[in-house]
Amino acid sequence: MSKAIETPASVSQTPAASNSASHGEITKKPTSWSNIFVGAAIQTFEVSTLGQPFEVVKTHMAANRGDSIATSLKKTYARGGVSGFYQGLIPWAWIEASTKGGVLLFTSSEVDYRARVAGFSSSWAGLFGGVAGGVAQAYTTMGFCTFMKTVEVTRHKSADANMSTWRIAYDVFQREGIRGLNRGVSAVALRQMTNWGSRFGISRVTESIFRGKDTTRKLSNMERLASSAIGGALACWNQPLEVIRVEMQSQTKAADRPEKLNLFSTARYIYQKNGFLGFYRGVTPRIGLSIYLTVCMVFGGDSVKAYFDQSKKAKAQQ
């Protein structure tokens, strides 16, 4: 249900507050069960279409840092034809998508509203909402699923290439417990908070640029789509965190690879093996994935939530 508060003119605002404060009325985005369902549905659609192929190629390149895009595509196709590009989709990507999408939209909507109430502009509120949503994703839904998706893509290089992912998961649990199954979750958390903080924040800044002086103007679909795409592409500045995450979760075996990896030892290992550029392997397919994901979640999420909101208002007026 929408909430509105009046912001007194006499209350001093933060420097970032110009947009939201000038309107005087702050409307809370719906945070009902429909929000959770919308997030889950959009994320599942995204991963089931172009999302997973981008994810598989990106993960392959991050784990096999000597492979080019062309080589990665050939090797992925050789692993199973077209279905090779959907490794890890069922059940891991579906489980992750159906939960993390809802967590993202629910958390980011709440934090976005609270930030605007506190006096921040829509751009800052979007950034704070994205950061909070990304952290919530990492620690509630993504640890185990991200680990298992990476196992699917990298286990062909393991000595146990013929083992099922369930068996590998069981063996890891036997050896290391829950912490083993959540290996790399710290890198996932850093990646997600910077991912969605950047995506939402940059998208909102771009929207403000499109609006110009008329801060109340409703953006066209093309402007909103472009804002989402720009936010998604520029959010890939944190690719080193993704490469570190993949290496920590990879099933690759190497004589010089440390047994117990953390953020710092993994970063040191990658730099020693591949230099600075090694941290940016797989960035091209990740840009494609990020643009597509952000368009789905930011543009698509806003559109679907607005539809539900208008439907509720229409019913209330009847």
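Some details on the overall build of the chain
Stage number 1. From N to C terminus, the chain includes eleven helices and two strands.
Stage number 2. For the chain, the α and β elements follow one another from N to C terminus as β-α-β-α-α-α-α-α-α-α-α-α-α.
Stage number 3. Considering only contacts in the chain between residues 6 or more positions apart, those separated by 24 or more positions represent 79%.
Stage number 4. In the structure as shown, the chain presents an accessible area of about 15200 Å², 64% of it carried by carbon and sulfur atoms.

Digging into the packing of helix α5 (residues 122–154) against helix α7 (residues 185–211)
Stage number 1. In contact at an axis separation of 7 Å, α5 and α7 are set at 150° when each is read in the N-to-C sense. The orientation of α5 relative to α7 falls into the category roughly antiparallel. Note that α5 runs across α7; the crossing there is right-handed.
Stage number 2. Split by residue class, the contact of α5 with α7 holds 13 nonpolar, 13 polar and two charged.

Remarks on the packing of aromatic side chains
Stage number 1. Applying the stated criterion to the full structure yields three aromatic pairs.
Stage number 2. With a centroid separation of 5.9 Å and an interplanar angle of 40°, the aromatic rings of W124 and F128 are classed as tilted. Taken together, the residues W124 and F128, both in helix α5 and four residues apart, mark about one turn of the helix.
Stage number 3. Judged by relative accessible area, W124 falls into the partly exposed class, the value being 43%.
Stage number 4. Where F276 meets Y280, the ring centres are 5.7 Å apart and the plane angle is 50°; that geometry is what we call tilted.

A word on the confidence of the model for the chain
Stage number 1. For the chain, the mean per-residue pLDDT works out to 81, and 88% of the residues sit at or above 70.
Stage number 2. Taken element by element, the chain is modelled with least confidence in strand β1 (residues 4–6), mean pLDDT 41, and with most confidence in helix α3 (residues 69–78), mean pLDDT 94.

Description of the pattern of salt bridges
Stage number 1. By the definition in use, this model includes 16 salt bridges.
Stage number 2. K58 is the salt-bridge partner of E242, the closest N and O atoms lying 2.8 Å from each other. Here K58 lies in helix α2 (residues 33–63) and E242 lies in helix α9 (residues 239–249), a separation of 184 residues in the sequence. Across this residue pair, the class does not change: E242 and K58 are buried.
Stage number 3. Close ionic contact of K100 with E96 constitutes a salt bridge, the shortest N to O distance being 3.2 Å.

Thoughts on helix α11 (residues 283–317)
Stage number 1. For α11, built from 35 residues, the straight-helix expectation of 51 Å at 1.5 Å per residue is met to within 8% by its first-to-last C-alpha distance of 49 Å.
Stage number 2. Of all the bends in α11, the greatest measures close to 30° and is centred on G300.

Re unusual backbone geometry
Stage number 1. P91 follows I90 through a cis peptide bond whose omega is 5°.
Stage number 2. Residue position: P91 is located in helix α4 (residues 89–117).

What to know about the packing of α7 against helix α8 (residues 221–234)
Stage number 1. The N-to-C vectors of α7 and α8 enclose an angle of 140°; their axes lie 8 Å apart at closest approach. Judged by the angle between their axes, α7 and α8 are oblique. Considering the relative orientation of α7 and α8, their crossing is right-handed. Across the interface between the two elements, S198, R199, I202, S203, T206, E207 and F210 of α7 pack against E223, A226, S227, S228, I230, G231, G232 and L234 of α8.
Stage number 2. Split by residue class, the contact of α7 with α8 holds five nonpolar, seven polar and three charged.

Some details on the side chain of T107
Stage number 1. Examined against the element boundaries, T107 turns out to sit in helix α4.
Stage number 2. If we skip the residues at most four places from it in the chain, T107 touches A132, G133 and A136.

Side note on the side chain of K100
Stage number 1. Turning to its location among the elements, K100 is positioned in helix α4.
Stage number 2. On the basis of relative accessible area, K100 is assigned to the buried category, the value being 12%.
Stage number 3. Here K100 is in contact with Q43, Q137, T141 and M142, once residues within four sequence places are set aside.

Quick word on the environment of A63
Stage number 1. Considering the arrangement of structural elements, one finds A63 in helix α2.
Stage number 2. The sequence separation of A63 and S250 amounts to 187 residues, and the corresponding C-alpha distance is 6.8 Å.
Stage number 3. In this view, A63 contacts T154, V246 and S250; residues no more than four positions away in its chain are not counted.

Calculation notes
Residues numbered from 1 in each chain as written. Predicted model: local features only at pLDDT ≥ 70, side-chain atom pairs only at ≥ 80, totals over all residues. Heavy atoms only, no water. Helix = DSSP H or I, 4+ residues; strand = E, 2+ residues; numbered from the N terminus. Contact = heavy atoms within 4.5 Å. Areas by Shrake-Rupley, 256 points an atom, 1.4 Å probe, with all protein chains shown as cover. Axes fitted to C-alpha atoms, helices over the stretch in contact; angles between N-to-C directions. Parallel < 35°, antiparallel > 145°, perpendicular 65-115°, else oblique. Left-handed = near helix turned anticlockwise from the far one by under 90°. Nonpolar A, V, L, I, M, F, W, Y, C, P; charged D, E, K, R; others polar. Phe/Tyr/Trp six-rings, centres within 6.5 Å; stacked < 30°, edge-to-face > 60°. Buried < 20%, exposed > 50% of the residue type's maximum accessible area, 1.4 Å probe, protein only. pLDDT = per-residue confidence, 0-100. Salt bridge = Lys/Arg side-chain N within 4 Å of Asp/Glu carboxyl O. Expected span 1.5 Å × (residues − 1). Bend = angle between axes of the 7 residues up to and from the residue.

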